[in-house]
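If you want the building blocks of each chain, they are given just below.
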Amino acid sequence: MNLLNLFRRSREGSAGAAKERLQILLAHERVDSEAPEYLPMLQKELIAVIEKYLDVDDEKVEVRLERGRELSTLEVNIELPGAENLQGRARGRPTAGTLLQA
Amino acid sequence: MARIIVVTSGKGGVGKTTSTAAIGAGLAMSGKKTVVIDFDVGLRNLDMILGCERRVVFDFINVIHGEAKLHQALVKDKRLENLAVLPTSQTRDKDALTRDGVEKVLDQLRDEYDYIVCDSPAGIERGAHMAMYYADDAVVVSNPEVSSVRDSDRILGLLSSKTRRAERGEEPVKAQLLLTRYDPARVEKGEMLKVDDVLEILAIPLLGVIPESQSVLKASNLGMPVVLDESSNAGKAYLDAVKRLMGEQIEHRVLAPERRSFFQRLLGRTA
């Protein structure tokens with residue numbers, strides 16, 4: 001939502017904003033209610049795959065979702081141990097990268 | 001150590017969710033770290049009123065069931081950095097809430113926040129019980145209308161018997177009245193119950209009187225807590241109530257509803 005929209009909306013009255021918010025949300029919810037909640041499963045499986053190769057701290061996994069009209073974005077941020085925390089670990093494991101974005 | 005406040009009423013449609021959003025935002029504006037929790041499982045709405053509905057990923061029930069971490073389920077408000085929302089599940093039913101599960105989540109939040117505001121569902125079933133069980137304070141939302149006042153009285157009975165404080169014989173939950181949709185002009189004409197009438201019947205302290213206001217619907221349309229609307233008398237009344245909740249002595253004032261101007265009425269515009 002940019003500033004321009006905000007001004008345009010205020011001229012139209014807030015009902016236009018209400019209608020748009022409802023249309024977007026309900027379009028998503030009608031689809032979601034037919035399918036099981038997939039996000040917890042998706043997260044679990046994703047972490048399981050990554051754990052095969054890297055040490056992942058459950059507390060450092062962040063999932064963000066933004067539902068939109070045209071498209072939605074799912075962002076998964078997994079913080080990986082940095083160089084300092086990798087000392088003493090077996091060689092051959094990845095050391096590069098502190099943030100993996102899926 | 002956070003104080004836990006339940007916003008409850010018994011009757012539906014009196015303004016619990018609007019009040020939860022306004023109080024939560026008001027506390028956050030005062031610099032208090034605040035989290036608002038939606039206890040209305042299956043009928044999620046607090047996210048909508050706060051305008052973060054498109055960003056909900058996980059929910060309260062996911063956290064209780066161990067399917068997500070608490071920090072993943074909290075949605076941070078984009079306008080107020082001190083405010084976070086814990087949305088509820090839209091797909092499950094009220095049995096998904098367990099006393100142990102709720103306690104675990106509240107205990108985690110208690111260390112990190114100053115205030116935890118629980119938005120109770122209407123009714124006196126499981127969801128309403130869960131929302132009030134761990135409360136330190138209760139904001140009883142009522143309209144100046146007979147069925148609403150009657151239901152508030154019923155809720156007051158539950159607050160004094162079915163909460164952890166009551167069961168343990170501790171200091172009782174501090175219940176205060178928030179009278180919403182108040183119209184002084186109609187009170188003047190004798191068409192609406194007076195604040196004093198309601199206080200006399202319910203016999204609890206007054207937290208605030210929120211005037212009937214056009215700005216409440218506008219705020220809901222925009223997904224913005226009404227306290228952020230500086231021109232709103234309802235917003236001002238909520239901010240007064242928030243200060244009282246934080247222990248400040250603020251004199252009670254009954255703000256007039258914003259009347260529609262002649263031209264607005266002529267054009268038939270409402271918001």
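This structure is a prediction, so every number in the text was calculated from the model and none was measured. (Residues numbered from 1 in each chain as written. Chains lettered and ligands numbered in written order. Predicted model: local features only at pLDDT ≥ 70, side-chain atom pairs only at ≥ 80, totals over all residues. Heavy atoms only, no water.)

Trainee: It is not clear to me how the overall build of chain B should be interpreted in this structure. Could you clarify?
Mentor: The helix and strand inventory of chain B stands at 13 helices and 8 strands. If you line up chain B on its principal axes, its C-alpha atoms span 55 × 40 × 35 Å. By residue count, 55% of the 271 residues in chain B fall in the buried class. Taking the contacts inside chain B whose residues are at least 6 apart along the sequence as the reference set, 75% of them involve residues at least 24 apart. Accessible area for chain B stands at about 11800 Å²; split by element, carbon and sulfur atoms hold 47% of it. (Helix = DSSP H or I, 4+ residues; strand = E, 2+ residues; numbered from the N terminus. Buried < 20%, exposed > 50% of the residue type's maximum accessible area, 1.4 Å probe, protein only. Contact = heavy atoms within 4.5 Å. Areas by Shrake-Rupley, 256 points an atom, 1.4 Å probe, with all protein chains shown as cover.)

Trainee: Looking at this structure, how should I read the confidence of the model for chain A?
Mentor: Any region with low pLDDT has predicted coordinates that should not be read closely. When the pLDDT values of chain A are averaged, the result is 74; 67% of them are 70 or greater. For the stretch residues 90-98 of chain A, pLDDT sits under 50, and the model shows 13 contacts to residues farther than four places along the chain or on other chains. (pLDDT = per-residue confidence, 0-100.)

Trainee: Can you walk me through the sheet that holds strand S2 (residues 34-38) of chain B in this structure?
Mentor: For sheets, the rule is that strands pair by backbone hydrogen bonds, running either parallel or antiparallel. Residue and element names in this part refer to chain B. Pairing is mixed in the open sheet, where 8 strands are placed in the order S3-S4-S2-S5-S1-S6-S7-S8. Here the strands that pair on one side only, and so sit at the sheet edges, are strand S3 (75-76) and strand S8 (206-211). The pairing of S3 with strand S4 (residues 83-86) spans 2 bridges and is antiparallel. Paired with lysine 76 across the strands is alanine 84, a residue of S4. Along the sheet, helix H7 (residues 146-159) makes contact with strand S1 (3-8), strand S6 (137-142) and strand S7 (174-182), crossing S6 at roughly 165 degrees. (Pairing = 2+ DSSP bridges. Axes fitted to C-alpha atoms, helices over the stretch in contact; angles between N-to-C directions.)

Trainee: Can you help me understand the side chain of A:Glu29 in this one?
Mentor: Along the chain, A:Glu29 falls in helix H2 (residues 14-32). One buried charged residue, A:Glu29, forms no salt bridge at all, with the nearest opposite charge on B:Arg44 at 4.2 Å. A distance of 3.4 Å separates the side chain of A:Glu29 from the side chain of B:Gln90, its partner in a polar contact. The residues contacting A:Glu29, other than those within four sequence positions of it, are B:Arg44 and B:Gln90. (Lys, Arg positive; Asp, Glu negative; His and termini not counted. Salt bridge = Lys/Arg side-chain N within 4 Å of Asp/Glu carboxyl O. Polar contact = N/O pair within 3.5 Å; in protein donor to acceptor, adjacent residues only side chain to side chain.)

Trainee: Whenever I open this one, the environment of B:His65 confuses me. Can you help?
Mentor: Locating B:His65 in the fold gives a position in the loop between helix H3 (60-64) and helix H4 (70-73). Once you skip the residues sitting within four places of it in the chain, B:His65 turns out to touch B:Arg92 and B:Ala96.

Trainee: I tried to follow helix H11 (residues 214-222) of chain B on my own but got confused; where do I start?
Mentor: At 3.6 residues per turn, the α-helix brings residues three or four places apart onto the same side. Among all positions in H11(B), only B:Ser215, B:Ala219 and B:Asn221 are buried. Buried positions in H11(B), seen along its axis, are confined to an arc of 160 degrees and lie on one side of it. Packing partners of the buried residues in H11(B) comprise H2 of chain A together with helix H12 (233-245) of chain B. Following H11(B) by one or two positions, B:Gly223 adopts a phi angle in the positive range, close to 70 degrees. (Arc of directions from axis to C-beta.)

Trainee: So what exactly am I meant to see when it comes to the interface of chain B and chain A here?
Mentor: Many structure descriptions define interface size as the accessible area lost when the parts assemble. Listed per partner, the contact involves 29 residues of chain B and 25 residues of chain A. When chain B packs against chain A, close to 2300 Å² is buried across both sides, 46% of that on carbon and sulfur atoms. Here chain B is connected to chain A by 3 salt bridges. Our enumeration of links across chain B and chain A arrives at 12 residue pairs in polar contact (both at pLDDT 80 or more). Take the side of chain B that touches chain A: its biggest share by element is 4 residues, from H11(B). (Buried area = accessible area lost by both parts, 1.4 Å probe.)

Trainee: Sorry if this is basic, but what is going on with the environment of B:Pro121 here?
Mentor: Residues and elements named next belong to chain B. If you trace the backbone, proline 121 turns up in the loop between strand S5 (115-119) and helix H6 (126-133). Taking C-alpha positions, proline 121 is 9.6 Å from arginine 44, a pair spaced 77 residues apart along the chain. Look past the residues within four positions of proline 121 in its chain and what remains in contact with it is Lys16, Phe39, Asp40, Lys94, Gly127, Ala128 and Ala131.

Trainee: Sorry if this is basic, but what is going on with the packing of helix H1 (residues 16-29) of chain B against H12(B) here?
Mentor: When two helices pack together, you describe them by how their axes are tilted relative to each other and by the distance separating the axes. Residues and elements named next belong to chain B. Orientation of H1 relative to H12, taken along the N-to-C sense of each, is 65 degrees, at an axis distance of 9 Å. The orientation of H1 relative to H12 falls into the category roughly perpendicular. Note on packing geometry: the crossing formed by H1 with H12 is right-handed. Across the interface between the two elements, Thr18, Ser19, Ala22, Ile23, Gly26, Leu27 and Met29 of H1 pack against Tyr238, Leu239, Val242 and Leu245 of H12. Residue classes in the contact of H1 with H12 are distributed as 8 nonpolar, 3 polar and no charged. (Parallel < 35°, antiparallel > 145°, perpendicular 65-115°, else oblique. Left-handed = near helix turned anticlockwise from the far one by under 90°. Nonpolar A, V, L, I, M, F, W, Y, C, P; charged D, E, K, R; others polar.)

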